Amino acid sequence: MQQVPELVATFLAHTKVRFVPLPEEEAAALESLLVRTWEESRARWPTVVLPAGVFVRHLAERLPPSGPSEAITPLLTGLSLEELYLACACLQGLPSAHEAFERAYLARLPEKLRSLKQADTVIDDVRQKVRVKLLVATPEHAPWIGDYTGRGALMSWVLVIAGRTANKLRAQEKPAQEDSADELIQALPGQGLDPELDVMKRRHHADFRQAVREAASTLSAEDRHLLRLHFADRLSTYEMAPLFRVNQSTVSRWLKRAQQQVYEETRRRLQERLGLTTEGFKSFLAFVDSQLDLTLSQLLDEQGKPPPADG
C-alpha cells in the first residue's frame, strides 16, 4: 500500500473536496511544494513561527472549489501563500503574527484610506475597528482574518473591509445628541415627588453634560482609546488584553484608573459649578455615580472621542 507523505496526508484530510488518490510521483511533488511553501513563508515572516501541519491544514481548508480529479498544484500556486501563512498565524493568536500584521498592513491603512478620499477624522477609528474585527475573537465569531482565502492580495482584502467600515461609520453619523445627558437627567428618581430635585434636573442638566465632557477631555489619548474600546466598541477586558499585549488584570487596572479620573473630575466640576449642599444635590451626585458609565459610553459612541470643552 502506498505511503502518503505526512503533509500531503494532512492536506488531503482537510480539503472540502475528496480528491482521487494521487500517484506516488504526484504526491511526492505536492509534498515538496508544501514544504517549500512553508519554508518560504517562514523566511517572509521570520519572527512568526508556525508548525507546518497547522499551516498546511489552513491552506487545505481555503483551497478554491474544484473537482475530485482536478490538479492540486495550480490551485495552490494561484493563492497568496505567504500571506495565508501570516493570516493563519494571526488566527492562532500568535503575538508575533499580530505585530507583523500591524506593521505590514494596519500601519499602511491611513495612507491607503487617504488615497481613497476618506476623511482624516474617521481614519483612526476605521483602523481600530478593522484591527478589532480581524484579530479579536467574539462569542459569535472567530477573528475575521480567518475569512481571508488568499485569492487576492491581503492588503487589498484588508482595504475592502476598511472601506466598508468607513462607509458604515459615515452612515451612522448624526448630529451630537444633546439628548444623551438629557435622557439621564430625566431618569433621575423622584420626578413629581421631590419638587426640589425636579427643579435641579431641569436647571442643571446642561452643567451635568458639560462636566462629563470636560472630565473626559482631561484623559490622555491612550485612556480615551482604552475607554472607547470598552464602552463604545463593547470589548471585554479579556478581548482587549491581546490588543495591548498584556494580561486581563492589567487592562482592568487601566480601565479602573481612567474611570476613576472621570468620576472624580465630574463630581469636582459639578460641585464647583453648582455649589449646592442640599440633600437633593446629594441624591443628584449619587445618581451621577451610578450612571456615569452610561453617559461616558454614549459620548464615546456618538463622536468617537469625548467632545472638547466649550469656550
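As recorded in an unreviewed UniProt entry, the protein chain goes by the name Sigma-70 family RNA polymerase sigma factor, listed as coming from Corallococcus llansteffanensis.

### Looking at the overall build of the protein chain
Looking only at helices and strands, one finds 15 helices and zero strands in the protein chain. When each of the 311 residues of the protein chain is scored for burial, the buried share is 45%. Within the protein chain, residue pairs in contact and separated by at least 24 positions form 70% of the contacts whose partners lie at least 6 positions apart. Of the roughly 16300 Å² of accessible surface on the protein chain, a fraction of 52% belongs to carbon and sulfur atoms.

### Things to note about the pattern of salt bridges
Across all of its chains, the model carries four salt bridges by this definition. One salt bridge connects R62 with E61, and the closest N-O pair in it is separated by 3.3 Å. Of the charged contacts in the structure, one is a salt bridge between E102 and R131, with a shortest N-O distance of 2.8 Å. Taken together, the positions of E102 in helix 6 (residues 95–104) and R131 in helix 8 (residues 120–135) put the pair 29 residues apart, joining distant regions of the chain. Given a relative accessible area of 25%, E102 falls into the partly exposed group. Note on R131: relative accessible area 13%, which makes it buried. One salt-bridge network, held together by shared partners, links R57, E61 and R62.

### Quick notes on the packing of aromatic side chains
Taken as a whole and assessed by the stated rule, the structure comprises four aromatic pairs. Taken together, a centroid distance of 5.1 Å and an interplanar angle of 75 degrees make the contact between F55 and Y85 edge-to-face. Placement of the pair is F55 in helix 3 (residues 52–61) and Y85 in helix 5 (residues 81–91), with a sequence separation of 30 residues. Accessibility expressed as a relative area gives 0% for Y85, which makes it buried. Each member of the aromatic cluster is reached from another via a ring pair, and the members are W45, F101 and Y105.

### Quick notes on the packing of helix 1 (residues 6–14) against helix 3
At a closest axis distance of 8 Å, the pairing of helix 1 and helix 3 adopts a crossing angle of 35 degrees. Crossing of helix 1 against helix 3: the hand is right-handed. Counting all contacts with helix 1, which are made through L7, T10, F11 and H14, the residues of helix 3 involved are A52, G53, V56, R57, L59, A60 and E61. Of the residues contributing to the contact of helix 1 with helix 3, the split by class is six nonpolar, three polar and two charged.

### Overview of the nonpolar core
Counting residues in each nonpolar core, the largest one holds 54 residues, and the members touching the most others are F11, L76 and F101. Sequence-distant contacts of F101, that is, excluding residues within four places in its chain, are made with L86, C90, L106, L134, L135, I145, L154 and V158. The next biggest cluster of nonpolar side chains, apart from the first, holds 15 residues, and it includes L227, L229, A241 and V262.

### Considering the environment of L255
Along the chain, the position of L255 falls in helix 14 (residues 248–274). Residues L255 and L226, 29 residues apart in the sequence, show an inter-C-alpha distance of 7.1 Å. With residues near it in sequence (within four places) discarded, L255 still touches L226, L227, H230 and T237.

### Some remarks on the confidence of the model for the protein chain
In the predicted model, the protein chain carries a mean pLDDT of 78, and 71% of its residues have values of at least 70. Of all secondary-structure elements in the protein chain, the lowest mean pLDDT belongs to helix 10 (residues 179–186), at 42, while helix 5 reaches the highest, 97. Overall, residues 174–194 carries pLDDT values under 50, and its contacts beyond four positions in sequence, including any with other chains, amount to 35 contacts. Within the model, pLDDT remains below 50 along residues 303–311, and this stretch shows 17 contacts once partners closer than five positions in the same chain are excluded.

### With respect to the side chain of T250
With respect to the element layout, T250 can be found in helix 14. The exposure class of T250 is buried, given its relative accessible area of 12%. For T250, the side chain forms a polar contact with the side chain of N247, separated by 2.8 Å.

### Regarding the environment of A52
Of note, A52 is situated in helix 3. Owing to a relative accessible area of 16%, A52 belongs among the buried residues under this scheme. In this structure the C-alpha to C-alpha distance between A52 and T37, which are 15 residues apart in sequence, comes to 9.4 Å. For A52, the contacting residues outside a window of four places in its chain are L7 and W38.

### Some points on the packing of helix 5 against helix 6
Packing of helix 5 against helix 6 brings their axes to within 8 Å, and their N-to-C directions diverge by 130 degrees. Classified by the angle between their axes, helix 5 and helix 6 sit oblique to one another. For the element pair helix 5 and helix 6, the recorded crossing hand is left-handed. Touching L86, A89 and C90 of helix 5 are A97, H98, A100 and F101, all from helix 6. Broken down by class, the residue content of the contact of helix 5 with helix 6 amounts to six nonpolar, one polar and no charged.

Procedures and definitions
- Per chain, the residues get numbers from 1 upward, laid out in the order the sequence is written.
- The predicted nature of this model means local features are confined to residues of pLDDT at least 70 and side-chain atom pairs, given and counted, to a pLDDT of 80 or more, with totals for whole chains, interfaces and linings taken over all residues.
- For the side-chain quantities, the full set of heavy atoms in the structure was used; hydrogens and water were omitted.
- For the purposes of this entry, the term helix denotes a DSSP run of H or I that reaches at least four residues, the term strand denotes a run of E that reaches at least two, and both are numbered from the N terminus.
- The buried label applies to any residue whose accessible area, calculated with a 1.4 Å probe on protein chains only, is under 20% of its type's maximum; exposed applies above 50%, and partly exposed to all values in between.
- Here, two residues are considered to be in contact whenever any of their heavy atoms come within 4.5 Å of each other.
- Using a 1.4 Å probe, the Shrake-Rupley method yields the accessible areas, and only the shown protein chains count as cover for residues.
- The salt bridge criterion pairs a side-chain nitrogen of Lys or Arg with a carboxyl oxygen of Asp or Glu, the two atoms within 4 Å.
- Geometry of aromatic contacts follows a simple scheme: Phe, Tyr and Trp rings, the Trp one being its six-membered ring, pair when their centres are within 6.5 Å, and the pair is stacked under 30 degrees between planes, edge-to-face over 60, tilted otherwise.
- Axis definition: a line fitted to C-alpha atoms, over the contacting stretch in the case of helices. Angles run 0 to 180 degrees between N-to-C directions.
- Handedness of a crossing follows from how the near helix is turned relative to the far one, being left-handed for an anticlockwise turn of less than a right angle and right-handed for a clockwise one.
- Charged means Asp, Glu, Lys or Arg here, nonpolar means Ala, Val, Leu, Ile, Met, Phe, Trp, Tyr, Cys or Pro, and polar covers whatever is left, Gly included.
- As used in this record, nonpolar core signifies buried Ala, Val, Leu, Ile, Met, Phe, Trp, Tyr and Cys residues forming a set joined through side-chain atoms within 4.5 Å.
- One confidence number per residue, pLDDT, is output by the predictor and ranges from 0 to 100.
- Each polar contact in these results corresponds to two N or O atoms within 3.5 Å; when the atoms are within protein, one needs to be able to donate a hydrogen and the other to accept it, and residues that are neighboring in sequence are counted only if both atoms are side-chain atoms.
- We call two directions roughly parallel when the angle between them is under 35 degrees, roughly antiparallel when it is over 145, roughly perpendicular when it lies between 65 and 115, and oblique otherwise.

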